[in-house]
Amino acid sequence: MEELELFQVKVRNGAHGFMNMSEASADRHPELMKEIVHTTGAPSEAVAASIFMRRFGFFITAQFYLLAHGKIWDGPLDEIHLENTEGNISFTVDERFIRERREDDLEAVLKIFAFPVVGSFSKAGHVSKIILWENLWGYMIWMYGMLDSKQAEDDVAALMADELWQPEMKRSFFRQFLGGRSFEEAKADYKRITCCLYKELPETDKCPYCPLQK
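Residues numbered from 1 in each chain as written. Predicted model: local features only at pLDDT ≥ 70, side-chain atom pairs only at ≥ 80, totals over all residues. Heavy atoms only, no water.

Peer 1: I would appreciate a short explanation of the environment of Met160 in the present structure.
Peer 2: Looking at where Met160 falls in the secondary structure, it is placed in helix H6 (residues 150-160). With 13 residues separating them in the primary sequence, Met160 and Phe173 have C-alpha atoms 7.9 Å apart. When neighbours within four sequence positions are excluded, Met160 is seen to be in contact with Trp137, Ser172, Phe174, Arg175 and Leu178. (Helix = DSSP H or I, 4+ residues; strand = E, 2+ residues; numbered from the N terminus. Contact = heavy atoms within 4.5 Å.)

And the structure:
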């Protein structure tokens, strides 16, 4: 599973870190935000929450990468361990939770991993869910753009369908991020519809995909 390190995810025996995602989403959230503010200079908790969700986007993308290859990491949130690697947060998980893909796993990644974390960080950080969801999508469109398989195509189509998101959400956030374009068009000329707040960090300009670019 060395290929998952491309997404800042390490698969290990006896994984551990300074915090797990269950803690980061609940009682230790203030501690995590304080650490991110300290290491990045984020001026507010909203910015810190968005910066972290850009990192968590790697983990979600790793899950969809696994699914496109017929597997999934099926552990709980408290088995997703955070590591501090040269000032950036990466993730370590135990390999015993990797199994073969089943029928409803695509929906499970959304609703077991992404939904609760986005909801928690949006509420605690006072930042819009749409920003956080697009932080996930930015890495996913990059990853799916690298794959050329029928399974990847089918997964993208399913993620664009409202039914996969219901009843928790009325419609697919990911389809909204295409801005009326096809996936192929959006992949070839990627642009965000929301600002991820990265520009709020000290001595940092807007990213090339920012909708605020003139």
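That was the structure; now back to the text.
Peer 1: Help me understand the pairing of strand S1 (residues 9-12), please; the structure alone is not making it clear to me.
Peer 2: Every regular strand shows the same layout, with side chains that alternate between the two sheet faces. A one-sided burial pattern is seen for S1, the buried positions being Val9 and Val11 and the unburied ones Lys10 and Arg12. Pairing of S1 with strand S5 (residues 88-94), which is carried by four bridges, proceeds in the parallel orientation. Residue pairing across strands places Arg12 opposite Asp94, the latter belonging to S5. (Buried < 20%, exposed > 50% of the residue type's maximum accessible area, 1.4 Å probe, protein only. Pairing = 2+ DSSP bridges.)

Peer 1: I keep staring at the packing of helix H5 (residues 129-146) against H6 and nothing clicks. Help me out?
Peer 2: Working note: a packed helix pair is described by the angle between its axes plus the distance between those axes. Contact pair H5 / H6: the axes reach a minimum separation of 11 Å and the direction vectors enclose 150 degrees. Of the possible angle classes, the one that applies to H5 and H6 is roughly antiparallel. With respect to the hand of their crossing, H5 and H6 are arranged in left-handed fashion. Packed against H5, whose contacting residues are Trp137, Met140 and Tyr144, the element H6 presents Ala152, Asp155, Val156, Leu159 and Met160 at the interface. (Axes fitted to C-alpha atoms, helices over the stretch in contact; angles between N-to-C directions. Parallel < 35°, antiparallel > 145°, perpendicular 65-115°, else oblique. Left-handed = near helix turned anticlockwise from the far one by under 90°.)

Peer 1: What should I look at first to understand the environment of Ile80 in this one?
Peer 2: With respect to the element layout, Ile80 can be found in the loop between strand S3 (71-73) and strand S4 (81-85). Those residues in contact with Ile80, other than ones at most four positions away along the chain, are Met19, Asn20, Met21, Phe59, Trp73, Phe91, Thr92, Val93 and Phe113.

Peer 1: Hey, could you run me through the side chain of Ser172 in this one?
Peer 2: One can find Ser172 in the loop between H6 and helix H7 (173-176). With relative accessibility at 1%, the residue Ser172 sits in the buried group. Within polar-contact distance, the side chain of Ser172 engages the backbone oxygen of Leu159 at 2.7 Å. For Ser172, the contacting residues outside a window of four places in its chain are Leu159, Met160, Ala161, Asp162 and Trp165. (Polar contact = N/O pair within 3.5 Å; in protein donor to acceptor, adjacent residues only side chain to side chain.)

Peer 1: Mind showing me how you'd approach the packing of aromatic side chains here?
Peer 2: What describes a pair of aromatic rings is the distance from one ring centre to the other and the angle between the planes of the rings. Under the definition given, this model contains 25 aromatic pairs. Ring geometry for Trp133 and Phe174: centres 5.9 Å apart, planes at 75 degrees, overall edge-to-face. Remark: Phe174 occurs in helix H7 and Trp133 occurs in helix H5; sequence separation between them is 41 residues. The burial state of Trp133 is the same as that of Phe174; both residues are buried. Here the aromatic cluster, defined as three or more aromatic residues joined through ring pairs, consists of Phe52, Phe56, Phe59, Trp73, Phe91, Phe97, Phe113 and Phe121. Above the face of the Tyr198 ring, Arg54 is positioned so that its terminal group lies 4.6 Å from the ring centre. (Phe/Tyr/Trp six-rings, centres within 6.5 Å; stacked < 30°, edge-to-face > 60°. Lys NZ or Arg CZ within 6 Å of the ring centre and 35° of its normal.)

Peer 1: Is there a simple way to explain the pattern of salt bridges in this structure?
Peer 2: Pairing between side chains of opposite charge can happen when the charged atoms of each approach one another. In the structure shown here, the tally under the stated rule is 19 salt bridges. A salt bridge links Glu83 to Lys10; its shortest N-O distance comes to 3.3 Å. One end of the pair, Glu83, is in strand S4; the other, Lys10, is in strand S1, and 73 residues separate them in sequence. Taking relative accessible area as the criterion, Lys10 reaches 23% and is therefore assigned partly exposed. (Salt bridge = Lys/Arg side-chain N within 4 Å of Asp/Glu carboxyl O.)

Peer 1: How should the sheet that holds S5 be read in this particular structure?
Peer 2: Working definition: the strands of a sheet are paired by backbone hydrogen bonds and lie parallel or antiparallel to each other. Strands sit in the order S1-S5-S4-S2 across an open sheet of four strands; the sheet is mixed. Both outer strands of the open sheet, S1 and strand S2 (19-20), are each paired with one neighbouring strand and no more. Sheet analysis places S4 next to S5, joined by five bridges and oriented antiparallel. Considered in S5, the bridge of Leu82 is made with Phe91.

Peer 1: Please clarify how the side chain of Asn20 should be interpreted in this entry.
Peer 2: Mapped onto the fold, Asn20 is located in strand S2. A polar contact is formed between the side chain of Asn20 and the backbone nitrogen of Ser22, at a distance of 3.0 Å. With residues near it in sequence (within four places) discarded, Asn20 still touches Leu77, Asp78, Ile80, His81 and Leu82.

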